[in-house]
Amino acid sequence: MEPSKEYVFKYKGFYFGVITSLEYVASLEDFEIKDSDIFLATYPKSGTVWTQNILSLIFHEGHRNGTENVDNLDRIPWLEYNLNKRDYKELPSPRIFATHLPYYLVPRGLRNKRGRIIYVTRNPKDVMVSYYHFSKYMSTLEEIPDFNLFMERFLAGKVLASSWLDHVAGWYSHAEDFNILFLTYEEMKKDLRSAVLKICNFLGKKLSEEEVDSVVRQATFENMREDPRANYEKLPEGIVARSKGSFLRKGTVGDWKNIMTVAQNERFDNVLKEKMKTLPIKFIWDINDEM
Ligand code: PPS
């Protein structure tokens, strides 16, 4: 039942991928924050890469108008997975980082409401299904081909990034400590333009109508999938298994219905639904649900 040590290690109750190190993640609590810093925080498979692209498009005219060819991964690097060993102190302001860290492991400076955080959630059935497919595609994740087994691992928090519920509940219940904007994958899916405007507002970034239109157009699933800066297709074979999928897989709300059986759905609800009632989020399980 425990995840294989070949793929993850635990630090303060949280599972990290072995592509980073314990010393490094422990050092992040002291990572020095600048007022202009922006952090995009998520549980995996909740819309990180999507929001990363939106942030890159908002902040970089050269991305919007196609004159610059810089990978999103370089523009908005992962905080705890500093694969290219870059000196994060040297990044131009505003520095923007993506992270899967739980609220209690992020740089301490953020707690004084310095910097800004965008936290994106997604309904956990779609998160789980996306994660299941992803663990086949990513060679750095433990592949669990049996969906039922994967679900048990997910429900028990025995996957990279640990428990979905703890992650989301932790960030929401400590919202007061941070300068934070909450968004959901489903609201982005239903009305991307409003979500982009919310982000601009929160970050104090004024774009013209045309510029907002351009961000929205380039952040749709279909267009993003074609954008080599945004689609993560450059990840080398060995890190990913190309024959087994892609980073931008389906991009829909309610895909869980295509894989979960009635019994699995009941089991999932038995474990999580009651606890989820404590979260101040209205979850959207189907694109036709009312927001
Ligand atoms: S990761 O690995 O944690 O960074 O994954 P993350 O980016 O958080 O989540 C991946 C899912 O987001 C979907 N995605 C999108 N959906 C809609 N529109 C756009 N533009 C978009 N970009 C990424 C991606 O397809 C994954 O979901 P699934 O359900 O697997 O398709």
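Scroll up to find the structure this text is about.
Quick caveat, the model's predicted, so the values are computed rather than measured.

*Asks:* I tried to follow the packing of aromatic side chains on my own but got confused; where do I start?
*Replies:* Remark: the centre distance and the inter-plane angle together describe each pair of aromatic rings, the angle taken between the planes. Across all of its chains, the model carries 24 aromatic pairs by this definition. With a centroid separation of 5.6 Å and 85° between ring planes, the pair formed by Phe31 and Phe97 is classed as edge-to-face. Residue Phe31 is located in the loop between helix H1 (22-27) and strand S3 (38-42), and its partner Phe97 is located in strand S4 (residues 96-99); the two are separated by 66 residues in the primary sequence. We classify Phe31 as buried; its relative accessible area is 16%. We classify Phe97 as buried; its relative accessible area is 0%. Geometrically, the ring pair formed by Tyr43 and Tyr131 is edge-to-face, given 6.3 Å between the ring centres and 70° between the ring planes. With Tyr43 in the loop between S3 and helix H2 (48-59) and Tyr131 in helix H5 (residues 124-137), this pair connects stretches of sequence that are 88 residues apart. Across the pair, exposure class does not vary: Tyr43 and Tyr131 are buried alike. One aromatic cluster is present, built from ring pairs that chain together Tyr43, Tyr131, Tyr132, Phe147, Phe150 and Phe154. A cation sits over an aromatic face here: Lys45 above Phe134, 3.1 Å from the ring centre. Against the face of Trp285 rests Lys125, its NZ or CZ located 4.6 Å from the ring centre.

Criteria and thresholds
Residues numbered from 1 in each chain as written. Predicted model: local features only at pLDDT ≥ 70, side-chain atom pairs only at ≥ 80, totals over all residues. Heavy atoms only, no water. Phe/Tyr/Trp six-rings, centres within 6.5 Å; stacked < 30°, edge-to-face > 60°. Helix = DSSP H or I, 4+ residues; strand = E, 2+ residues; numbered from the N terminus. Buried < 20%, exposed > 50% of the residue type's maximum accessible area, 1.4 Å probe, protein only. Lys NZ or Arg CZ within 6 Å of the ring centre and 35° of its normal.

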